Amino acid sequence: YRATTAEGGFAAIKMYRLRSPSFVHMQQYMEGDRRFAGTRNGIQLIHAWTQKEYKNLSIMHDLGCRVPDPIAFKANILAMEFLGVDGVPYSRLSDTGSEDPNGDFALIMADLEKMKGGGLVHADVSEYNILMTDKGPYLIDCGQAVLTSHPRAEEFYKRDLENLRKYFSKYPDFKKE
C-alpha cells in the first residue's frame with residue numbers, strides 16, 4: 001500500500017496477513033536464524049517475519065544495497081521507502097523488462113555479493129522481486145533473506161543466481177558473467 005507521510009511524501013506499507021496459509025513455507029527461512037529463535041507459529045511467526053524483513057532491509061541498506069529504506073515496523077505492518085514517481089510505484093522487472101540486461105545483471109550481482117559479504121542471502125531473487133527504478137534495479141521482498149550461517153544459505157544463493165541467469169538469458173546480447 002502507499003501511505004502519505006507527515007511531510008507530504010509517500011511511504012510503502014506492507015501488511016502481512018495474520019492468518020497466512022504459508023506458515024510452513026516461512027518456517028524454512030526462520031530455521032537456524034538465531035535472531036528469531038523460539039518463534040513458533042501463527043501470529044507470533046507473522047510478527048517475527050515482519051521484524052525479520054525490517055532487519056534484513058536495514059542490513060542490506062547499511063551494506064549499500066539497492067533496497068527500499070526501512071522506516072519502521074509494528075506487529076504485522078512494515079513501513080519502508082516508497083519507490084516511484086509522483087505517487088506511482090516503479091514496475092517490477094517482470095513487467096517492464098530490461099533495457100540494459102548486462103548492466104542490470106551486474107548491478108544486481110553486485111548487491112548480492114555485498115549481501116553475502118555482509119552475512120545475508122536474499123533467498124528469493126527473481127524478476128518478480130526486483131523493481132526497475134530510475135537509479136537501476138532495486139531488490140524487494142526481503143523477509144525470506146537468511147544469514148549465511150543458515151543451513152541452506154548456499155543452496156538459496158545458488159538458486160538466486162540461477163534465477164537471475166535464467167531470466168536475463170532471454171536477452172540475445174546477455175553475457176552470463
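Here the structure is shown first, and the text comes after it.
Let me sum up the structure you'll find in this document. Counting from 1, residues in each chain are numbered in the order their sequence is written. For this predicted model, a pLDDT threshold of at least 70 governs which residues receive local features, and a threshold of 80 or more governs which side-chain atom pairs are given and counted, while totals over whole chains, interfaces and linings are taken from all residues. The side-chain values count all of the structure's non-hydrogen atoms but skip hydrogen atoms and water molecules.

### Thoughts on the sheet that holds strand S2 (residues 10-15)
A strand pair is defined by DSSP finding two or more bridges across the two strands. Helix and strand definitions here come from DSSP, where helices need a minimum of 4 consecutive H or I residues and strands a minimum of 2 consecutive E residues; each element is numbered from the N-terminal end. Across the sheet, 4 strands lie side by side as S1-S2-S4-S3; this open sheet has antiparallel pairing. Because the sheet does not close on itself, it has two edges, and the strands there are strand S1 (2-4) and strand S3 (70-74). Taken pair by pair, the neighbouring strands of this sheet meet at an average axis angle of 30 degrees, ignoring direction. Pairing between S1 and S2: 3 bridges, direction antiparallel. Residue pairing across strands places Ala-3 opposite Ala-11, the latter belonging to S2. Contact criterion: two residues are considered in contact whenever any of their non-hydrogen atoms come within 4.5 Å of each other. Fitted lines through C-alpha atoms give the axes, limited to the stretch in contact for helices. The angle between two N-to-C directions lies from 0 to 180 degrees. Running over the sheet, helix H2 (residues 42-62) touches S2, S3 and strand S4 (77-81) and is turned about 165 degrees from S3.

### With respect to the nonpolar core
Formed by 41 residues in total, the largest nonpolar core has its most connected members in Met-60, Leu-112, Ile-130, Leu-139, Leu-164 and Phe-168. Of all the secondary-structure elements, those providing two or more residues to this core are helix H1 (23-30), H2, S4, helix H4 (101-117), strand S8 (120-121), strand S9 (130-133), strand S11 (146-147) and helix H5 (153-168). Considering every element that reaches this core, the biggest residue donor is H5, with 7 residues. Among the buried residues, those of types Ala, Val, Leu, Ile, Met, Phe, Trp, Tyr and Cys that are joined through side-chain atoms within 4.5 Å form a nonpolar core. In this scheme, a residue with accessible area under 20% of its type's maximum is buried, one over 50% is exposed, and one in between is partly exposed, where area comes from a 1.4 Å probe on protein chains only.

### Description of the layout of surface pockets
Only protein atoms enter the 1 Å grid used here, on which a cavity is any set of points holding a 1.4 Å probe that cannot leave and a pocket is any open set flanked by protein within 12 Å on both sides along at least five of seven lines; residues with an atom within 4 Å of a point are listed as lining. Grid points are joined across faces, edges and corners, and a volume is the space filled by probe spheres set on the points. Each pocket or cavity is described by its volume, and for the second largest pocket that value is around 290 Å³. Ala-12, Pro-68, Met-80, Leu-131 and Ile-140 are the residues nearest the centre of the second largest pocket, which is lined by 15 residues in total. Put simply, the parts of the chain that give the lining of the second largest pocket at least two residues each are S2 and S4. Among the elements that make up the lining of the second largest pocket, the one with the highest residue count is S2 (3 residues). Following the grouping adopted for this structure description, the nonpolar residues are Ala, Val, Leu, Ile, Met, Phe, Trp, Tyr, Cys and Pro, the charged ones are Asp, Glu, Lys and Arg, and the polar ones are all others, Gly among them. The class makeup of the residues in the lining of the second largest pocket is 11 nonpolar, no polar and 4 charged.

### Here's the deal with H5
Each residue after the first adds 1.5 Å to the expected span of a helix. With 16 residues, H5 extends 23 Å between its outermost C-alpha atoms, agreeing within 8% with the 22 Å of an ideal straight helix rising 1.5 Å per residue. Taken residue by residue, H5 has Ala-153, Phe-156, Tyr-157, Asp-160, Leu-161, Leu-164, Tyr-167 and Phe-168 as its buried positions. The arc that holds the buried residues of H5, viewed along the axis, is 140 degrees, so those residues lie on one side. Facing away from the buried side of H5 by over 90 degrees, the exposed positions are Lys-158 and Lys-166. Directions are taken from the helix axis to each C-beta atom, and the arc is the one they span.

### Re the pattern of salt bridges
In what follows, salt bridge is the name for a side-chain nitrogen of Lys or Arg lying within 4 Å of a carboxyl oxygen of Asp or Glu. What the rule picks out here adds up to 6 salt bridges. Its salt-bridge partner being Glu-53, residue Lys-14 comes within 3.0 Å of it at the nearest N-O pair. Within this pair, whereas Lys-14 is found in strand S2, its partner Glu-53 is found in helix H2, the two being separated by 39 residues in sequence. On the basis of relative accessibility, which here comes to 1%, the residue Glu-53 falls in the buried class. One salt bridge connects Glu-155 with Arg-152, and the closest N-O pair in it is separated by 2.8 Å. Classification of Arg-152 as partly exposed rests on a relative accessible area of 27%. One network of salt bridges, with partners in common, ties together Lys-14, Glu-53 and Asp-141.

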